[in-house]
Amino acid sequence: MSVKSFSPMPGSAILSALAGQKTIVMAANVRVASVAKGIFRAAKDTDSAVFMELARSECDLKGGYTGMTPADFSKRMNDAAAAVGFDMWALHADHITIKKGDAAEIESTKQLIDAQIAAGYTSFAIDASHLFNFEGKNVREELDPNIRVTTELAQYISKKMNNKEFGLEVEVGEIGRKDNSGLVLTKPEEAVTFIKALNENGVNPHVLAIANGSTHGHTYDAAGNVVEQLSIDIPQTKEIAQALRDNKLNVGIAQHGITGTPRDLINLHFPKGDIIKGNVGTFWQDVVFSTLKVYEPALYKSIQDWTLEKYRPLNQGKSDCQIFDGNCKMAIKEFFKDLYSLDEKTEHAIQSMAYAESLVFFRAFGAYGSASVVRKARK
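Throughout this document, residue positions are counted from 1 along each chain, in the order its sequence is written. Where totals are concerned, whole chains, interfaces and linings use all residues; where local detail is concerned, this predicted model gives features only for residues with pLDDT of at least 70, and gives and counts side-chain atom pairs only at 80 or more. In computing side-chain properties, one takes all heavy atoms of the structure into account and sets aside hydrogens as well as water.

Student: Break down the overall build of the protein chain for me, citing the residues and quoting the values.
Tutor: Segments assigned H or I by DSSP are reported as helices when at least four residues long, segments assigned E as strands when at least two residues long, and all are numbered from the N terminus. Within the protein chain one finds 15 helices and 12 strands. A compact globule built from 379 residues should have a C-alpha radius of gyration of about 21 Å, and the protein chain, at 20 Å, falls within 12% of that. Along the first, second and third principal axes, the C-alpha atoms of the protein chain reach 65 × 55 × 45 Å. Relative accessibility thresholds used throughout: buried, under 20% of the residue-type maximum; exposed, over 50%; partly exposed, between the two (1.4 Å probe, protein chains only). Residue burial in the protein chain is summarised as follows: out of 379 residues, 57% are buried. Should any heavy atoms of two residues lie within 4.5 Å, those residues are considered in contact. Looking at the protein chain alone, contacts between residues at least 24 apart form 77% of all its contacts between residues at least 6 apart. Our radius of gyration is a C-alpha quantity, and the globule rule it is checked against amounts to 2.2 Å times the number of residues to the power 0.38.

As structure tokens, this is what we get:
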């Protein structure tokens, strides 16, 4: 009798199977691994496929700001999936960010990719969107540095994966250009030009991250209070998705920065099927810290005091609430031992909160039953 595997499956298998479906796959940035069992349990109970991911800033060869290397993260996610008994998930390297594009950065990025592949990652997101030629005479020339680096790294991943399937996300995204209305959003022509150029180079991504008004983490009012995020430009997102379809480019959209977006708005108004992957990150960190406030207040206060002492001088004019909220993620590595030796009741509460919140996310994303769709496609 064969033993059932709960190891991650190729991200491509999930994304390809769900292409054209009115569903969004949740990708959870698990900065504190305690939430993982809750997310997996909700995925199992709702039959929802899921990605588990961390970005380069969160998880690198030195542990990023979560204290986890790729090998650490992989082990914790694999252990959680096995404990729950859930199989329809991918292990994703979120935001493999390249900011300079010089030889040294490319080489260090390849070393990180090597470690991710060795750790069993099954999906990768190359983010070279910071590389933009503002002097370019046309869209193709403007995007050329991004295209060049994305192509090199995607081909490197493909070679190192040695013919294994994997998911690929790329980013045309945020390039810092502003007009009178603020940061300029991705235009359909940019998305189409970018994907066409990659396809011509033999790179065929499954999802494209765009700049559509989202913000990573929380958004704040003038007083520094956290407010709901209502900035995602849904018509622009639909227009880009339609342009990709019109040009017969087989790629969906990855929606970043979902934390803070009301889930009733996601449920009723997000273009599911245009957006096929939705990243939820800061939210799970909030689940951990809000639980610590009640279950382990002394630890929470230590985290709060450390964060404010370190980051208050760097954030003049901001309220303590906003300073803590924007920088508490940096305390995860500092308090790593404490966060991974929590009381059993605290762990149970965190997992239970993550479970309940995941149920709502999976429902809002239209993800219920998506795991069975993937299973059927794999037969």
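Student: Outline the nonpolar core, listing residues and values.
Tutor: Ranked by internal contacts, the top residues of the largest apolar core, which has 120 residues, are M26, I39, V50, M52, F73, L208 and W284. Counting residues per element, this core draws most heavily on helix α5 (residues 139-161), which supplies nine residues. Setting aside residues no more than four positions away along its own chain, V50 makes contact with I14, V25, M26, I39, F40, A43, F86, M88, W89, A90 and F362. Side-chain atoms within 4.5 Å link the members of a nonpolar core, which is a set of buried Ala, Val, Leu, Ile, Met, Phe, Trp, Tyr and Cys residues.

Student: Which residues make up helix α3 (residues 70-84), and what are the values?
Tutor: One fewer than the residue count of a helix, multiplied by 1.5 Å, yields its expected span. Look at α3: 21 Å from first C-alpha to last across 15 residues, which is about the 21 Å you get at 1.5 Å a residue. Buried within α3 are the following residues: P70, F73, S74, M77, A80, A81 and V84. Seen end-on, α3 carries its buried residues on one side only, within an arc spanning 135°. Exposed and oriented more than 90 degrees from the buried face of α3 are K75 and A83. The arc refers to the directions leading from the helix axis to the C-beta atoms.

Student: Explain α5 residue by residue, including any values.
Tutor: Between the first and last C-alpha of α5 there are 32 Å, a value that for 23 residues agrees with the 33 Å anticipated at 1.5 Å per step. At every residue, the bend is computed as the angle between two fitted axes, covering the seven residues ending there and the seven beginning there respectively. At P145, α5 shows its largest kink, close to 45°. Capping the start of α5 is the job of one residue whose side-chain oxygen sits 3.2 Å from the backbone nitrogen of R140: N138. Phi turns positive one or two residues past the end of α5, at N162, with a value near 55°. Between N or O atoms, a polar contact is any pair within 3.5 Å; within protein, one atom must be a potential hydrogen donor and the other a potential acceptor, and residues adjacent in sequence are included only when both atoms are from side chains.

Student: Provide a residue-level description of the packing of helix α1 (residues 11-18) against helix α15 (residues 370-378), including the pertinent values.
Tutor: Look at α1 against α15: their axes get within 9 Å of each other, and the N-to-C directions meet at 100°. If you check the angle between α1 and α15, you find them roughly perpendicular. Of α15, the residues touching α1 (which contributes A13, I14, A17 and L18) are S370, V373, V374, A377 and R378. Just so you know the grouping, Ala, Val, Leu, Ile, Met, Phe, Trp, Tyr, Cys and Pro go in nonpolar, Asp, Glu, Lys and Arg go in charged, and all remaining residues, Gly too, go in polar. Residues that form the contact of α1 with α15 fall into these classes: seven nonpolar, one polar and one charged. Angles here are taken between N-to-C directions and fall from 0 to 180 degrees, while the axes themselves are lines fitted to C-alpha atoms, restricted in helices to the stretch in contact. Roughly parallel covers angles under 35 degrees, roughly antiparallel covers those over 145, roughly perpendicular covers 65 to 115, and oblique covers all other angles.

Student: So what's going on with the packing of aromatic side chains? Which residues, and what values?
Tutor: Any pair of aromatic rings gets described here by the distance separating the centres and the angle formed by the planes. Note on aromatic contacts: the rings of Phe and Tyr and the six-membered ring of Trp form a pair at centre separations within 6.5 Å, being stacked when their planes are under 30 degrees apart, edge-to-face when over 60 apart, and tilted otherwise. If you walk through the whole model with that rule in mind, you get 14 aromatic pairs. Judged by centre distance (4.9 Å) and plane angle (85°), the ring pair of F283 and F361 falls under edge-to-face. Of the two residues, F283 is situated in helix α9 (residues 282-295) and F361 in helix α14 (residues 344-364); the sequence distance between them amounts to 78 residues. By relative accessible area, which is 16% here, F283 ends up buried. The exposure class assigned to F361 is buried, which follows from its relative accessible area of 2%. Between the aromatic rings of W306 and F335, the centroid separation amounts to 6.2 Å while the plane-to-plane angle is 85°, which identifies the pairing as edge-to-face. Of this pair, W306 sits in helix α10 (residues 297-311) while F335 sits in the loop between α12 (331-334) and α13 (336-339); the two residues are 29 residues apart in sequence, bridging distant segments of the chain. Classification of F335 by relative accessible area gives buried; the value is 11%. By way of ring pairs, the aromatic residues F283, W284, F361 and F365 are connected into one cluster.

Student: Let's hear about the pairing of strand β3 (residues 89-97): which residues, and what values?
Tutor: Of all the nine residues making up β3, nine are buried; the element is thus mostly covered by neighbouring parts of the structure. Two strands pair when backbone bridges link them, and strand β2 (residues 50-55) and β3 are joined in this way by six bridges, in the parallel orientation. Bridging across to β3, F51 finds its partner in A90. A crossover gets the label right-handed when its path from the first strand over the helix to the second runs clockwise, viewed with the strands pointing away from the viewer. As a crossover connection, the stretch from β2 through α3 into β3 is right-handed. What makes two strands pair is DSSP finding at least two bridges between them. Looking at chain direction, β3 and strand β4 (residues 123-127) are connected through four bridges and run parallel.

Student: Describe the state of the cysteines, naming the residues involved and giving the relevant values.
Tutor: We call a pair of cysteine sulfur atoms a disulfide whenever their separation is within 2.5 Å. A complete count under the given rule lists zero disulfides for this structure. No disulfide involves C321; its sulfur sits 10.0 Å from the nearest other cysteine sulfur, which is in C328. Relative accessible area serves as the criterion here: at 45%, C321 is assigned to the partly exposed category. The buried category is assigned to C328, whose relative accessible area is 2%.

Student: How would you explain the environment of V170 if you had to name every residue and give the values?
Tutor: Note on placement: V170 falls in strand β5 (residues 167-171). The buried category is assigned to V170, whose relative accessible area is 1%. Distance from V170 to T151, taken between C-alpha atoms, is 9.8 Å for residues 19 residues apart in sequence. Other than its neighbours up to four places away in sequence, V170 contacts I126, T150, F194, I195, L198, P205, V207, L208 and A209.

Student: Could you give an account of unusual backbone geometry, naming the residues involved and the relevant values?
Tutor: Glycine aside, residues mostly have negative phi angles, and peptide bonds mostly take the trans form. Despite not being glycine, N163 shows a phi value in the positive range, around 70°. Structurally, N163 can be placed in the loop between α5 and β5. Judged by its relative accessible area of 78%, N163 is exposed.

Student: Can you lay out the environment of G20 for me, pointing to particular residues and giving the numbers?
Tutor: As for its position among the elements, G20 is in the loop between α1 and β1 (25-29). Distance from G20 to G252, taken between C-alpha atoms, is 9.0 Å for residues 232 residues apart in sequence.

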